[in-house]
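Summary of structural features
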Amino acid sequence: MSEKYIVVQGADCKCKFSVEPLIDKLMVKTHEKEYANDKDGSKKLIATDKELGQTLEKNTFGKCKLQPTPGGYLPCKAVITKWSAFYEKVTMSNGGKILLEDSKATCPIGGPDCIFIDKNGQKTEGSSQNTKNANAEVQSQLNPLANNEKMLEKQPSNPGVIEKFKQFI
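Residues numbered from 1 in each chain as written. Predicted model: local features only at pLDDT ≥ 70, side-chain atom pairs only at ≥ 80, totals over all residues. Heavy atoms only, no water.

**What about the nonpolar core?**
Val7, Cys13, Leu26, Leu56, Phe61, Trp83 and Ile115 are the most contacted members of the largest nonpolar core, which totals 21 residues. Every element with two or more residues in this core is listed here: strand E1 (12–15), strand E8 (104–107) and strand E9 (111–119). When neighbours within four sequence positions are excluded, Leu56 is seen to be in contact with Cys13, Asp24, Lys25, Leu26, Met27, Phe61, Ala78 and Ile80. Counting eight residues, the second largest nonpolar core, distinct from the first, contains Ala36, Ile46, Tyr87 and Met92. (Core = buried A, V, L, I, M, F, W, Y, C linked by side-chain atoms within 4.5 Å. Buried < 20%, exposed > 50% of the residue type's maximum accessible area, 1.4 Å probe, protein only. Helix = DSSP H or I, 4+ residues; strand = E, 2+ residues; numbered from the N terminus. Contact = heavy atoms within 4.5 Å.)

**Brief notes about unusual backbone geometry**
One non-glycine residue with positive phi stands out, namely Ala85, at about 60 degrees. Summarising the element assignment, Ala85 is placed in the loop between strand E5 (82–84) and strand E6 (87–91). Overall, the relative accessible area of 42% leaves Ala85 in the partly exposed class. Residue Asp113 is not a glycine yet carries a positive backbone phi of 55 degrees. Along the chain, Asp113 turns up in strand E9.

Following this line, the structure appears as structure tokens:
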């Protein structure tokens, strides 16, 4: 994928014809199976080129520069009719192709590629596996007060029981 991030549920989208630089969030409505960058596998659905129609959270980017009136501009009613620049080599369960951070959408009013991805929707989530894979020497330089080996020790789930039996240890 040439070092490009895939787009997931909640990605920030913008329109180049919006009067104000408003953001709307992409909603994945075409499947409920494939997730990315979500350790629990429940929030970050992978977006595909099948996300068409009114697939944004608010379905508006404010006022549209291409719809002038004597009193200003008409409100945008965002409708996605087509996506471009998606990842062609993988087909998802819904028959769609994965959207990438440089994918663009077509709107009937704005035309081809007027809607673009501002933020891909992925967020970094630390896990115990990250700590296990971390280089201990580098981590001690970055945070000399933390003991990474101690962080990997399993913590008791019921500390009260441990306290009661400390006298026998």
